[in-house]
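# Topology and contacts: notes
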Amino acid sequence: IISAIKGAPVDTVLIDGYPRSTEQMRALDDLLQSEDAIDLVSVIEVRVSEDVAKDRILGRAAEAAPGEGRSDDKIEVFFDRMKIYTDPLAEIQKFYTDKDLLKVIDGERTLEVIVDDMDAFVQSKV
């Protein structure tokens, strides 16, 4: 990640979907501590309820592969993936809140509104 950031042709870099575990969070923090040229300006969490996430993901899966697999299988896979995501979430949220870096965006609105909010926030930081 550090070499990709340093090699980027722009001054501001967005990293999507990282860190997803406390190990990744700590490793990134350790790396950033030793890198004077790189500043972590903010961490954005697009927050949605489990019900909304389930509806969106299972709905997308059904559109991508209609008629394939049992719905019970898809729901089980969804909950397995959610557990991987949510288990470390509280610790990651606290870590970045304590550093005054966490920005929470309501992800239960339309995609256009969410993107507009994210864009305005990112623009305010650059």
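For the structure given in this document, a descriptive report is provided here.

## Brief notes about the overall build of the chain
Helix and strand counts for the chain stand at 6 helices and 2 strands. Within the chain, the proportion of its 126 residues that are buried is 22%. For the chain, the share of sequence-separated contacts (at least 6 apart) that also reach a separation of at least 24 residues comes to 73%. For the chain, the accessible area works out to roughly 9,100 Å², and carbon and sulfur atoms hold 52% of it.

## Points about the packing of helix H2 (residues 22-33) against helix H5 (residues 89-98)
Running from N to C, H2 and H5 cross one another at 25 degrees; their axes reach a closest spacing of 9 Å. As summarised for this structure, H2 and H5 are arranged roughly parallel, according to the angle between their axes. Residues Thr22, Met25, Arg26, Leu28 and Asp29 of H2 form the contact with H5, whose own contacting residues are Glu91, Ile92, Phe95 and Tyr96. For the contact of H2 with H5, the residue count by class is 5 nonpolar, 1 polar and 3 charged.

## With respect to the pattern of salt bridges
This structure, assessed with the given rule, holds 8 salt bridges. Between Glu35 and Lys6 there is a salt bridge, with its nearest N and O atoms 2.7 Å apart. Here the residue Glu35 occupies a position in the loop between H2 and strand S1 (43-47), and Lys6 occupies one in helix H1 (residues 2-6), the gap between them amounting to 29 residues. By relative accessible area, which is 18% here, Glu35 ends up buried. Of the charged contacts, one joins Asp106 and Arg109 as a salt bridge, the two residues approaching to 3.9 Å between their closest N and O atoms. On the basis of relative accessibility, which here comes to 38%, the residue Asp106 falls in the partly exposed class. For Arg109, a relative accessible area of 26% translates into the label partly exposed. Linked by salt bridges that have partners in common, Asp106, Arg109 and Asp117 make up one network.

## Details of the nonpolar core
Nonpolar side chains tend toward joint burial in soluble globular proteins. The biggest cluster of nonpolar side chains holds 10 residues, and these are Ile2, Ile5, Met25, Leu28, Leu32, Ile38, Val43, Ile92, Tyr96 and Leu101. Counting residues per element, the ones that place at least two in this core are H1, H2 and H5. No other element matches the 3 residues that H2 contributes to this core. Discounting chain neighbours no more than four positions away, the residues touching Ile2 are Leu31, Leu32, Glu35 and Ile38.

Rules used throughout
Residues numbered from 1 in each chain as written. Predicted model: local features only at pLDDT ≥ 70, side-chain atom pairs only at ≥ 80, totals over all residues. Heavy atoms only, no water. Helix = DSSP H or I, 4+ residues; strand = E, 2+ residues; numbered from the N terminus. Buried < 20%, exposed > 50% of the residue type's maximum accessible area, 1.4 Å probe, protein only. Contact = heavy atoms within 4.5 Å. Areas by Shrake-Rupley, 256 points an atom, 1.4 Å probe, with all protein chains shown as cover. Axes fitted to C-alpha atoms, helices over the stretch in contact; angles between N-to-C directions. Parallel < 35°, antiparallel > 145°, perpendicular 65-115°, else oblique. Nonpolar A, V, L, I, M, F, W, Y, C, P; charged D, E, K, R; others polar. Salt bridge = Lys/Arg side-chain N within 4 Å of Asp/Glu carboxyl O. Core = buried A, V, L, I, M, F, W, Y, C linked by side-chain atoms within 4.5 Å.

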